[in-house]
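For reference, the chains in residue letters:
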Amino acid sequence: MKEVAATQLLIRAKSAQSFAGDVSNMVTSSTHYLENGIVAIGELMGRMKPADSYQLYQAAAKEGFKPKVAIYYVYDEVANNATLKPTNDDQLRIAGIKVFMDGSISGETAYNQAPYPSENRGVALTDAAKLRQAIDYARQHQLQVAAHAMGDAAIQLVLAVSHDLTPWLADRPSIRIEHASILSDQMLKEINDATMTYALITQPIFFFAEDESYRKYLSPAQFKLIYRDKSMLATSAAFALSSDAPCTPWAEPDSPFVNIYAAVTRKAANDDIVNPEEALTIPEAVLAYTKWPAKIGGFTHNGTLQPGKAADFVILDRDIFTVPVEQLRHVRVNETWIAGELAFSN
């Protein structure tokens, strides 16, 4: 079972858990985030049932959950909810809605223009009409749209529907494309020429951990278009790196340092070199985990150390800007500070 079928099994299993159990698990996860230097997260699987994700995070925060959270509700769960509004609490905020356009490359379910070896083109989970409905909903409620789109056909559909629309958010991009795994030069040009404001959020850990699958399921021409970090950074779109944890087989799926290593070296876990012309510099990769995603996610008091900002920062066990690039994936956090107070010490 793949994608929707598998997800429904997971939802049913999670529905059997208690509210108190979920809160306890979330409080425990706080330490995991802090020891990885993560002071803010994007929750892109927000749910209304069996419990409202916002209420879960509120309860967890009262019990000691420390990171800031921007919640994006799965559109199907809120499509008929006329009361969902953005919030901007210091720690928790309702930031947007999540729309699934397709599946994954490793699952042969990302929606592609060219077929896989199995001769299918993946799974299109949202058509143009439904995407327009989601965008209208987001506009009416002043929420950001986060569109999961890995395949080039899925990304092209997002651009085709939204390219000429007027943005509705002034403080951040109105539409963020999650993954943007396969991008052609034409798509990059369309993003530059668009009336709409976009963010491109991508995850180098996918090619790092799943290189063999990508080589197996994509043609050489398609493979040359994956995770074009440098090209994305050169567009008019906002840009950031993220983990999409826990959706990879890697043992440290949400380690910023594994992602930074992959983005800078373009080297997979099996030492395959993946499109080295798309490598980022270390400062660019660090900005893509700090200042840039803070703005995209609406974390107005985060991203830089300045008067009036939140004073959230980390102290690392080595100088990330000067270590040999092979050490980047082994960087660890010595201390994490939130609001100027020590939240984690190794």
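How each quantity is defined
- Residues numbered from 1 in each chain as written.
- Predicted model: local features only at pLDDT ≥ 70, side-chain atom pairs only at ≥ 80, totals over all residues.
- Heavy atoms only, no water.
- Phe/Tyr/Trp six-rings, centres within 6.5 Å; stacked < 30°, edge-to-face > 60°.
- Helix = DSSP H or I, 4+ residues; strand = E, 2+ residues; numbered from the N terminus.
- Lys NZ or Arg CZ within 6 Å of the ring centre and 35° of its normal.
- Pairing = 2+ DSSP bridges.
- Axes fitted to C-alpha atoms, helices over the stretch in contact; angles between N-to-C directions.
- Buried < 20%, exposed > 50% of the residue type's maximum accessible area, 1.4 Å probe, protein only.
- Right-handed = clockwise from strand over helix to strand, strands pointing away.

Turning to the packing of aromatic side chains, a few remarks are in order. Tallying each qualifying case throughout the model produces 10 aromatic pairs. On the basis of an interplanar angle of 80° and a centroid distance of 4.8 Å, the ring pair of Phe 208 and Trp 250 is categorised as edge-to-face. You can see Phe 208 sitting in helix H8 (residues 204-217) and its partner Trp 250 sitting in the loop between strand E7 (238-241) and helix H11 (256-265), a full 42 residues away along the chain. Site record: aromatic cluster; members linked through ring pairs are Tyr 33, Tyr 57 and Phe 65. Its end group placed over the ring of Phe 223, Arg 215 keeps NZ or CZ at 3.8 Å from the ring centre. Positioned above the aromatic ring of Tyr 261, the side-chain terminus of Arg 329 is 5.5 Å from the ring centre.

Judged by pairing direction, the sheet is parallel, and its 7 strands sit side by side in the order E1-E2-E3-E4-E5-E6-E7 without closing on themselves. Here the strands that pair on one side only, and so sit at the sheet edges, are strand E1 (40-46) and E7. Going from strand to strand, the sheet's axes swing by 25° on average, the running direction of each strand aside. Examined bridge by bridge, strand E6 (residues 198-202) and E7 share 4 bridges and lie parallel to one another.

The next thing to look at is the pairing of strand E5 (residues 175-179). Counting buried positions along E5 yields 5 of 5 residues, so the element is predominantly enclosed. With 5 bridges joining them, strand E4 (residues 144-149) and E5 adopt parallel strand pairing. Bridge pairing links His 148 to Glu 178 in E5. Regarding the hand of the β-α-β motif, the stretch spanning E4, helix H6 (residues 152-162) and E5 is right-handed. Sheet topology places E5 next to E6; 4 bridges connect them, and they run parallel. Directly across from Arg 176, in E6, lies its bridge partner Ala 199.

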